[in-house]
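Structural features, examined
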Amino acid sequence: MKIAATYENGNIFQHFGHTEYFKIFDTQDGQITCTQVFSTAGSGHCALAGFLSSLKVDVLICGGIGAGAQAALSDAGIKIYGGASGNADKAVESLLAGNLATNPNFSCDHHNHEHHGENHYCKEKDGGCK
């Protein structure tokens, strides 16, 4: 199984759509076999689902994430563990042990507005990211 975590300074980054890095964990038989940090190269929000899909990620661990990105990840077959926080490595170890604590209300609800003058719009009201 391949697990991705939104990543900043060793921790789970709290806004999926603004993450600059993912730490990718290759696992086998419940153990981490390899890790690598990937830059998103400025990709944002909905494009990140394609980025993770291209890396053949099965599971995403993140903080908050909007409905459009959730739908795009679901369409890509990526399972989401949202509302996570703290150390990324420990979060993956907890997931593999079957006891990752997440917040069930992890959805971002601030989309469909401008992001500090960036004029971001994620098309959630039009059915999500395409």
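For the structure, check the block above.
Residues numbered from 1 in each chain as written. Predicted model: local features only at pLDDT ≥ 70, side-chain atom pairs only at ≥ 80, totals over all residues. Heavy atoms only, no water.

Let's talk about the overall build of the protein
The test is simple: Numbering goes from the N terminus for both helices and strands, where a helix is a DSSP run of H or I of at least four residues and a strand is a run of E of at least two. Burial classes follow relative accessibility: with a 1.4 Å probe on protein chains only, a residue under 20% of its type's maximum area counts as buried, one over 50% as exposed, and anything between as partly exposed. We call two residues in contact whenever any of their non-hydrogen atoms come within 4.5 Å of each other.
Along its length, the protein carries 3 helices and 8 strands. Secondary structure elements in the protein, listed N-terminal to C-terminal, are β-β-β-β-α-β-β-α-β-α-β. Counting over 130 residues, the protein shows a buried share of 42%. Sequence separation of 24 or more characterises 53% of the internal contacts of the protein that already satisfy a separation of 6 or more.

Describing helix α2 (residues 67-75)
Stated precisely, the cut-off is as follows: Note that the arc is computed from the directions linking the helix axis to the C-beta atoms.
Here α2 has its buried residues at Gly68, Ala69, Ala72 and Leu73. Taken end-on, α2 shows its buried residues confined to a sector of 135°, consistent with a single buried face. Exposed and oriented more than 90 degrees from the buried face of α2 are Ser74 and Asp75. On its buried side, α2 packs onto α1 (47-54), β5 (59-61), β6 (65-66) and β7 (79-81).

Some remarks on the nonpolar core
If you look at soluble globular proteins, the nonpolar side chains tend to sit buried side by side. Basically, it comes down to this: For our purposes a nonpolar core is just a set of buried Ala, Val, Leu, Ile, Met, Phe, Trp, Tyr and Cys residues, chained together by side-chain atoms within 4.5 Å.
Among the nonpolar cores identified, the biggest contains 18 residues, and Phe16, Phe22, Leu52, Leu60, Ile65 and Leu73 are the most heavily contacted of them. Those elements giving two or more residues to this core turn out to be β3 (21-28), α1 and α2. For this core, the element with the most residues is α1, which contributes 4 residues. Counting 13 residues, the second largest nonpolar core, distinct from the first, contains Tyr7, Ile12, Phe25 and Ala88.

Quick look at the side chain of Thr40
Filter applied, for reference: Within 3.5 Å is the distance limit for a polar contact, defined as a pair of N or O atoms, with the added protein rule that one can donate a hydrogen and the other accept it, and that residues adjacent in sequence qualify only through two side-chain atoms.
As for its placement among the helices and strands, Thr40 is situated in the loop between β4 (31-39) and α1. Using a relative accessible area of 3% as the deciding quantity, one classes Thr40 as buried. A polar contact of 3.2 Å, which involves the side chain of Thr40, links it to the backbone oxygen of Thr19.

Some words on the pairing of β3
If a strand is regular, its side chains alternate between the two faces of the sheet. Heads up, the rule is: When DSSP finds two or more bridges between a pair of strands, those strands are recorded as paired.
Here strand β1 (residues 2-8) pairs with β3 via 5 bridges, running antiparallel. Counted as the bridge partner of Ala4 is Ile24 from β3. Looking at chain direction, β3 and β4 are connected through 8 bridges and run antiparallel. Bridged to Ile24 within β4 is Gln36. Adjacent in sequence and paired antiparallel, β3 and β4 are bridged by 2 residues, among which Asp29 carries a positive phi angle near 55°.

Quick look at the environment of Gly66
Topologically, Gly66 is positioned in strand β6. Accessibility expressed as a relative area gives 4% for Gly66, which makes it buried. Taking the C-alpha atoms as reference points, Gly66 and Phe16, 50 residues apart in sequence, are found 8.0 Å from one another.

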